[in-house]
Amino acid sequence: SKETVRRSSPAMHLSPEFTQDSALAAAVGGMGIGAVATVFAQTNKRLLPSATPHAEVWTGLAAGAFALVSNPFFALVDDASFEPNSLQSLGLVRLGVAGLLVGAGSKMGAGCTCGNGIQGLACLSKASFGFVMVFMATGALAAYLVENDFTPAASTPFSWPLARAVVSIAVAQYFMRTNKKVSNVLGGCGFASSLILAAMVKPSKIEGFLRFSASRGWDPSLAFVMGGALLVVGVAWRVLGLVDLAPMRAYAGRPLDAKTLVGGACFGAGWGLGGLCPGPGVVSVGTGSVPAAVWLGAMVAGRGLASTAPAAKAS
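Residues numbered from 1 in each chain as written. Predicted model: local features only at pLDDT ≥ 70, side-chain atom pairs only at ≥ 80, totals over all residues. Heavy atoms only, no water.

For the protein, the helix and strand inventory stands at 15 helices and 0 strands. For the protein, whose C-alpha radius of gyration is 18 Å, the value lies close to the compact-globule estimate of 20 Å for 315 residues. Here the C-alpha coordinates of the protein stretch approximately 60 × 50 × 30 Å along the principal axes. Taken over 315 residues, the protein has a buried fraction of 55%. Here the analysis covers contacts within the protein between residues at least 6 apart in sequence; of these, 82% occur between residues at least 24 apart. Within the protein, one finds 22 positive and 13 negative side-chain charges whose respective centroids are separated by 12 Å. (Helix = DSSP H or I, 4+ residues; strand = E, 2+ residues; numbered from the N terminus. Rg over C-alpha atoms; globule rule 2.2 N^0.38 Å. Buried < 20%, exposed > 50% of the residue type's maximum accessible area, 1.4 Å probe, protein only. Contact = heavy atoms within 4.5 Å. Lys, Arg positive; Asp, Glu negative; His and termini not counted. Charge placed at Lys NZ, Arg CZ, Asp CG, Glu CD.)

Written as structure tokens, this is what we have:
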């Protein structure tokens, strides 16, 4: 039984999926996300949206995934990197419920892992800190209770071609700032390539981080992603004065109220249940994944259901 498995699980140890190459990929991918968020903020004078539907950024996320994975000419990543069988194994009903929870939570909390977990923390937002603490705890609890049986894809060496793509797209995004729409689409592409490099599109990576007592061991890759992103955003936004922009000050000054905490709980429960958050969900849709499309549709619906309660401007 599940209870017997839990009792007999060995003491906490690191997962074999966590290697030097995977840690490097996670950190570099996180730095890529930080660079995308910085250029977007400098160009648009606002936070990078991830959970909030944004035509240009979401187009770039999906198009970047297609360009890197699905095109037949110069694909840098294969479909196995997205672990499509993991999403299929959950079933559409569970994916729908997970998406609804993530959508409602991101709306109530005015952000997600990117908005609150990276940009909000970089702005020293108390509301973001509370949201992150709650969604991490409830995500871990949900992952422990449902015990998703994700089969990790085979570990791969650090992808220098993909890392070069992350840097090249970020440079292009920066130099196209005079054309906001093009720059924002490129930002979405850079966001996608960074998430793929960091392996955050793999449900097993999320499961491996949240279930720190799993028999396979704990995979701390997500901490390297957030650390890399916070390193870039935390420094660059202060050097460039972006933290002093009115939208950033307003976001940082949100109250840590019950709605934010409930939003964090909903977000974490959905994250632990389905192994997806908004950015990776949109990227997975770009590969043609039907389960990811169901999750994304439910996520958008969840945001709509939660929109009856007033919220700070989402990111």
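Resuming the write-up.
Attention now moves to the packing of aromatic side chains. What the rule picks out here adds up to 9 aromatic pairs. Ring centres of Phe18 and Phe224 lie 5.5 Å apart, and the angle between their planes is 50°; on these two criteria the pair is classed as tilted. Note that Phe18 is positioned in the loop between helix H1 (2-8) and helix H2 (20-44) and Phe224 in helix H11 (residues 221-239), a separation of 206 residues in sequence. A relative accessible area of 18% means that Phe18 is categorised as buried. Look at Phe209 and Trp218: their rings are 5.8 Å apart centre to centre, the planes differ by 40°, and that puts the pair in the tilted class. Trp218 gets classed as partly exposed once you look at its relative accessible area, which sits at 21%. Feature note: the residues Phe131, Phe135, Phe267 and Trp271 constitute an aromatic cluster, connected by ring pairs. Cation over ring: Arg177 sits above Tyr174, and NZ or CZ is 3.9 Å from the ring centre. (Phe/Tyr/Trp six-rings, centres within 6.5 Å; stacked < 30°, edge-to-face > 60°. Lys NZ or Arg CZ within 6 Å of the ring centre and 35° of its normal.)

Structurally, the position occupied by Thr260 is in helix H13 (residues 258-274). With residues up to four places along the chain from it excluded, the contact list for Thr260 reads Met108, Gly109, Ala127, Phe131 and Pro255.

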